[in-house]
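# Breakdown of the fold
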Amino acid sequence: MTTTTSLYDQFTELYNKKETLNRNEWLHNLRREAFEAFTVQGFPTTRQEEWRFTNIAPFLKEAYTLEPAAASLHENKNAGSIPGLDAYEIVLKNGLLNVDVDIPGIRITPIRTGIQDPALQQYLGKHIAFRNNSFASLNTALFENGIIIEIAKNAVVDKPVHITHVYNAEEPFFSQPRILMIANRHSRAEIIESVFIKGRQSLFVNTVTECYIAENARLDQYHLQTAPGNAHFVNFTQVVQKGDSLYNNFTYTLPGAALVRNNLHLNLDGSNTESHLYGLYLTAGSQLVDNHTLVNHMKPHCLSNELYKGVLMDQSRAVFNGKIFVQQDAQKTNAFQQNNNMLLSDKAVVDSKPQLEIFADDVKCSHGSTVGSFNNEALFYLKARGIGEVAARNLLVNAFAFDVTNKIQIPAVREYVEKLIAHKMAEAYD
Amino acid sequence: MLSIKNLQAKVEDKLILKGIDLQVNAGEVHAIMGPNGSGKSSLASVLAGRESYEVTCGDVTFDGKNLLDLSPEDRAREGLFLAFQYPIEIPGVSNINFLRTALNEIRAYHNEPPIEAKEFLRLTREKQKLVEFDAKLTNRSLNEGFSGGEKKRNEIFQLAMLNPKLSILDETDSGLDIDALRIVSNGVNKLRSDKNAFIVITHYQRLLDYIVPDFVHVLYDGKIVKSGTKELALELEERGYDWIKEPVTSESV
Ligand SMILES: Nc1ncnc2c1ncn2[C@@H]1O[C@H](COP(=O)(O)OP(=O)(O)O)[C@@H](O)[C@H]1O
Ligand SMILES: [Mg+2]
């Protein structure tokens, strides 16, 4: 408790030091509002419904540095690369972008400089409910690094953009990157994010990503969450979709990071939008992976479709909480949600909770949640054809994950994810 | 090739196989007949290594090896094949990927390199033709949405691909119309050689018009109560199973 308090004190001190220097009024106001929200809430505890199954306290005990020594990360050509992927590559070191990137149709700006643009007021922090999200508040109050990605009106980006987040964990480090994506009207882009970590000390990354998708735009967002056990991630992603837009989110979490908490919130603030959320979590060791999603249908004629699948090994734990809100205005809503889990160990635990709140009357909604284990009949069938235990389990896990992995539209990413699954499964059975 | 001596097995503490003796040599086709519930599928399951069965007594040697000591996958790798009475559907596992994996696992067991893509394709085409298996089905998920007949034909297609020494066909004929029955039987007949052997489990004599057995055995209440040549099958067809169910007579001992 005392050490958690000290982290809290560290942040208070940092905030007071920094905000006296801030001369940008709207940003100052935003940060103050956010910090007050954080001060009121503190770090979440399991007494809060949203954090009931995820006890964050043990992960905050480390003596984290909030401002690391100047990033001394050497360029490692292959760090976080995805074999065979033809993409525009961007590397952020501890959240910092330090080379210029030139991508047709996209403007990428470090958030430090970009933030001076008053036009950002309409996006930054605008749609996040600070009162209920203490980590997102903390990030808003204190973020330093990160980028703004703005896709020009009518631009169809010809290749995916791959962002590798490289972190230096040579000393315990608490990082708070901020990402803002603005997809202007009729634009189209695919963004892939992955992580590479250097060093073995404890790393805590509290990221906030905001995506604003204007009318008729399409954004595909991939999160590949592979990291070693010293990593802890809290991600808050707030998406706003305007009319006739399309948003696809793919979140794949693999064994490694001790803690992953993803909050993915969608505001469907325009009619005729379409949103697909695909998630896969393959967990091992004593990992804890928690996915909280919220799809808020605010306008009529929107479709949202969510499929999250979990495969749990060892004594790992997973949480799935999927909320769908259908507001009074949102007639003719189609909202679907499914969460399926496969427990491959007696010691693994999953808590799955779908939550529907519907205030409109003419809607089609469904949700479902299942927890099962290996189908022994299927396992025997495969073995009876000469397929050994490891290969058979691999085939069955891939089959279970299939309707999530086969949605990946980029072949190299799909292959990469499938190989990671096979590799991690084999590791777990060694 | 296969030698079964006094095999007894139970499932959930219930004795199902009550002492089975059977000798199968290379080049032979044995038919096992018998009423429902007599233990035919159980015998097939025990031979294939299904874990829910516990062997309580007896020996099984397969090509000189103690079969009961081997895992299900090693039995298959040694050349035992079971065509299931009820093939399972496995959504998400493609037929073709499944077959390639199986083939390569068997090859690895025999210290052979993985099959070349071209050779695999050639083999697939050849065997598809042999059992008139629709090429479209090959790329689908394993048995998913297949008709009963398609599933059975897929079993024989797999058999043809894996080229086992001993094949056990568990009621492959049930659920097949007469055309499918003819195709499946033709396939099996073409695969017959003096190096392999078949155990054909069936309820009806019909199949044995197409796959002519060297020996026919009648299984009843976990025991082989009668053995003979193909004429025995005809007699069963005429007289039904009731006469063999009567209290064990000196004839059947
Ligand atoms: N898992 C099981 N649990 C209990 N009894 C079983 C199980 N499987 C098979 N049996 C019993 O074993 C006997 C033989 O069944 P089976 O081998 O399927 O016969 P057949 O194939 O000749 O119709 C039947 O009485 C059946 O009820
Ligand atoms: Mg049977």
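This structure is a prediction, so every number in the text was calculated from the model and none was measured. (Residues numbered from 1 in each chain as written. Chains lettered and ligands numbered in written order. Predicted model: local features only at pLDDT ≥ 70, side-chain atom pairs only at ≥ 80, totals over all residues. Heavy atoms only, no water.)

Attention shifts here to the overall build of chain A. Counting secondary structure elements, chain A contains seven helices and 19 strands. Expected size for 430 residues packed as a compact globule is a radius of gyration near 22 Å; at 21 Å, chain A falls within 12% of this value. Put simply, of all contacts in chain A between residues at least 6 apart along the chain, 87% involve residues at least 24 apart. With an accessible surface of roughly 17100 Å², chain A has 48% of that area assigned to carbon and sulfur atoms. When the 39 positive and 45 negative side-chain charges of chain A are each reduced to one mean point, those points stand 1 Å apart. (Helix = DSSP H or I, 4+ residues; strand = E, 2+ residues; numbered from the N terminus. Rg over C-alpha atoms; globule rule 2.2 N^0.38 Å. Contact = heavy atoms within 4.5 Å. Areas by Shrake-Rupley, 256 points an atom, 1.4 Å probe, with all protein chains shown as cover. Lys, Arg positive; Asp, Glu negative; His and termini not counted. Charge placed at Lys NZ, Arg CZ, Asp CG, Glu CD.)

Another point: the sheet that holds strand β13 (residues 274-283) of chain A. Residues and elements named next belong to chain A. Across the sheet, nine strands lie side by side as β1-β4-β7-β9-β11-β13-β15-β17-β19; this open sheet has parallel pairing. Sheet topology places β1 (88-93) and β19 (363-372) at the edges, where each strand pairs with a single neighbour. Recorded for the sheet is a direction-independent mean angle of 10 degrees between the axes of neighbouring strands. Taken together, the eight bridges between strand β9 (residues 218-225) and strand β11 (residues 246-253) define a ladder with parallel strand orientation. Among the inter-strand pairings, Gln-221 is bridged to a residue of β11, identified as Asn-249. Relative to strand β15 (residues 303-312), helix α6 (residues 389-405) is tilted by about 160 degrees, and along the sheet it contacts β11, β13, β15 and β17 (333-343). (Pairing = 2+ DSSP bridges. Axes fitted to C-alpha atoms, helices over the stretch in contact; angles between N-to-C directions.)

Here the focus is the sheet that holds strand β6 (residues 80-83) of chain B. All names here are of chain B. The sheet built from six strands is open, its strands ordered β6-β9-β10-β3-β11-β12 with mixed pairing. Both edges of this open sheet fall to β6 and β12 (223-228), since each of them pairs with a single strand only. Strand-to-strand twist across the sheet, computed as the mean angle between neighbouring axes with direction ignored, equals 20 degrees. Where strand β3 (residues 29-33) and strand β10 (residues 197-201) come together, four bridges link them in parallel fashion. By the bridge assignment for β10, His-30 is matched with Ile-199. Here helix α6 (residues 148-162) sits on the sheet in contact with β6, β9 (166-170) and β10, set at roughly 165 degrees to β6.

Residue and element names in this part refer to chain B. With their axes 10 Å apart at the nearest point, α6 and helix α7 (residues 178-191) run at an angle of 15 degrees to one another. With respect to α7, the element α6 is oriented roughly parallel. Classified by chirality, the crossing of α7 by α6 is left-handed. Contacts between α6 and α7 involve Arg-153, Ile-156, Leu-159 and Ala-160 from the first element and Ala-180, Ile-183, Val-184, Val-188 and Leu-191 from the second. Across the contact of α6 with α7, the residue classes tally to eight nonpolar, no polar and one charged. (Parallel < 35°, antiparallel > 145°, perpendicular 65-115°, else oblique. Left-handed = near helix turned anticlockwise from the far one by under 90°. Nonpolar A, V, L, I, M, F, W, Y, C, P; charged D, E, K, R; others polar.)

Further remarks concern the packing of aromatic side chains. Aromatic ring pairs: the centre-centre distance and the angle between the two ring planes describe each pair. Residues and elements named next belong to chain A. Taken as a whole, this structure holds 22 aromatic pairs over all chains when the rule is applied. Considering the side-chain rings of Phe-35 and Phe-38, the 5.9 Å spacing of their centres and the 45 degrees angle between planes classify their relative orientation as tilted. Of this pair, Phe-35 and Phe-38 both sit in helix α2 (residues 25-41), three residues apart, which is roughly one turn of the helix. Ring geometry for Phe-174 versus Phe-204: centroids 4.7 Å apart, planes at 5 degrees, classification stacked. (Phe/Tyr/Trp six-rings, centres within 6.5 Å; stacked < 30°, edge-to-face > 60°.)

It is worth spelling out the coordination of the magnesium ion (ligand 2) at this point. All names here are of chain B. Distances from the magnesium ion (ligand 2) to its protein donors, Ser-41 (OG) and Gln-85 (OE1), fall at 2.1 to 2.3 Å. In this pair, Ser-41 is assigned in helix α1 (residues 40-48) and Gln-85 in the loop between β6 and β7 (90-94), connecting sequence segments 44 residues apart. A relative accessible area of 15% means that Gln-85 is categorised as buried. (Donors = N, O, S within 2.8 Å, 3.2 Å for Na, K, Ca; no water. Buried < 20%, exposed > 50% of the residue type's maximum accessible area, 1.4 Å probe, protein only.)

Time to look at the pattern of salt bridges. For the coordinates displayed, the defined rule picks out 37 salt bridges over all chains. Here Lys159(A) and Asp86(A) are joined by a salt bridge, their closest N and O atoms 3.2 Å apart. With Lys159(A) in the loop between β3 (146-151) and β4 (161-168) and Asp86(A) in the loop between α2 and β1, the pair connects residues that are 73 residues apart, well separated along the chain. Here Lys159(A) falls in the partly exposed class, since its relative accessible area comes to 23%. Within this structure, Glu119(B), Arg122(B), Glu126(B) and Lys127(B) form a network of salt bridges that share partners. (Salt bridge = Lys/Arg side-chain N within 4 Å of Asp/Glu carboxyl O.)

Residues and elements named next belong to chain A. Here α6 contains 17 residues, and its C-alpha end-to-end distance of 22 Å stays within 8% of the 24 Å for a straight helix at 1.5 Å per residue. Residue Ala-399 marks the point of greatest curvature in α6, where the axis turns by about 35 degrees. Summarising burial for α6: twelve of the 17 residues are buried, a large majority. Along α6, the residues that are buried comprise Ala-391, Ala-392, Arg-393, Asn-394, Leu-395, Leu-396, Val-397, Ala-399, Phe-400, Ala-401, Val-404 and Thr-405. (Expected span 1.5 Å × (residues − 1). Bend = angle between axes of the 7 residues up to and from the residue.)

Attention shifts here to the environment of Val208(A). Residue and element names in this part refer to chain A. Tracing the chain through its elements places Val-208 in strand β8 (residues 203-213). For the pair Val-208 and Tyr-88, spaced 120 residues apart in sequence, the C-alpha to C-alpha distance is 22 Å. The contact partners of Val-208, leaving out residues within four places of it in the chain, are Ile-128, Ala-136, Asn-139, Pro-177, Arg-178, Ile-179 and Phe-236.

This part covers the interface of chain A and chain B. Much of the literature gives interface size as the accessible area that the parts lose upon coming together. Between chain A and chain B, the contact holds 18 residues from the first and 30 residues from the second. Both sides together, the interface formed by chain A and chain B hides about 1900 Å², and carbon and sulfur atoms give 68% of it. Area buried by chain A at its contact with chain B is led by Phe380(A), Tyr381(A) and Arg385(A), which between them contribute 41% of it. Where chain A meets chain B, there are two salt bridges. Here Arg385(A) makes a salt bridge to Glu155(B), at a shortest N to O gap of 2.7 Å. Inspection of the region where chain A meets chain B yields eight residue pairs in polar contact (both at pLDDT 80 or more). Counting only elements with at least two residues in the side of chain A that touches chain B, the list comes to α5 (376-383) and α6 of chain A. Class assignment for the residues of the side of chain A that touches chain B results in eleven nonpolar, three polar and four charged. (Buried area = accessible area lost by both parts, 1.4 Å probe. Polar contact = N/O pair within 3.5 Å; in protein donor to acceptor, adjacent residues only side chain to side chain.)

Our next topic: the site of ligand 1. Residue and element names in this part refer to chain B. Around ligand 1 sit 13 residues in total, of which Ile-16, Gly-37, Lys-40, Ser-41 and Ser-42 are the nearest. Lys-40 is positioned with one of its backbone polar atoms (N or O) 2.9 Å from an oxygen atom of ligand 1. One of the side-chain nitrogen or oxygen atoms of Ser-42 is found 2.5 Å away from an oxygen atom of ligand 1. Coverage of ligand 1 by the protein chains reaches 65% of its 560 Å² of free accessible surface. Residue assignment for the shell around ligand 1 shows that the elements contributing at least two residues are β2 (14-24) and α1. Element by element, the count of residues in the shell around ligand 1 is highest for α1, at three residues. Residues belonging to the shell around ligand 1 are distributed by class as follows: four nonpolar, six polar and three charged. (Near = heavy atom within 4 Å.)

Attention now moves to the confidence of the model for chain B. All names here are of chain B. With 97% of its residues at a pLDDT of 70 or more, chain B has an overall mean of 91. Here residues 249-253 scores under 50 on pLDDT; set against residues more than four positions off or in separate chains, the count is three contacts. Here the complex is predicted with pTM 0.85, and the ipTM for its interfaces comes to 0.94. (pLDDT = per-residue confidence, 0-100.)

Now for the packing of helix α3 (residues 95-109) of chain B against α6(B). Residue and element names in this part refer to chain B. In the contact formed by α3 and α6, the axes pass within 10 Å of each other and the chain directions differ by 35 degrees. Judged by the sense of rotation from one axis to the other, the crossing of α3 with α6 is right-handed. Listed contacts from α6 to Asn-95, Phe-98, Leu-99, Ala-102, Leu-103 and Ile-106 of α3 are Asn-154, Phe-157, Gln-158, Met-161 and Leu-162. When grouped by side-chain class, the residues that make up the contact of α3 with α6 number eight nonpolar, three polar and no charged.

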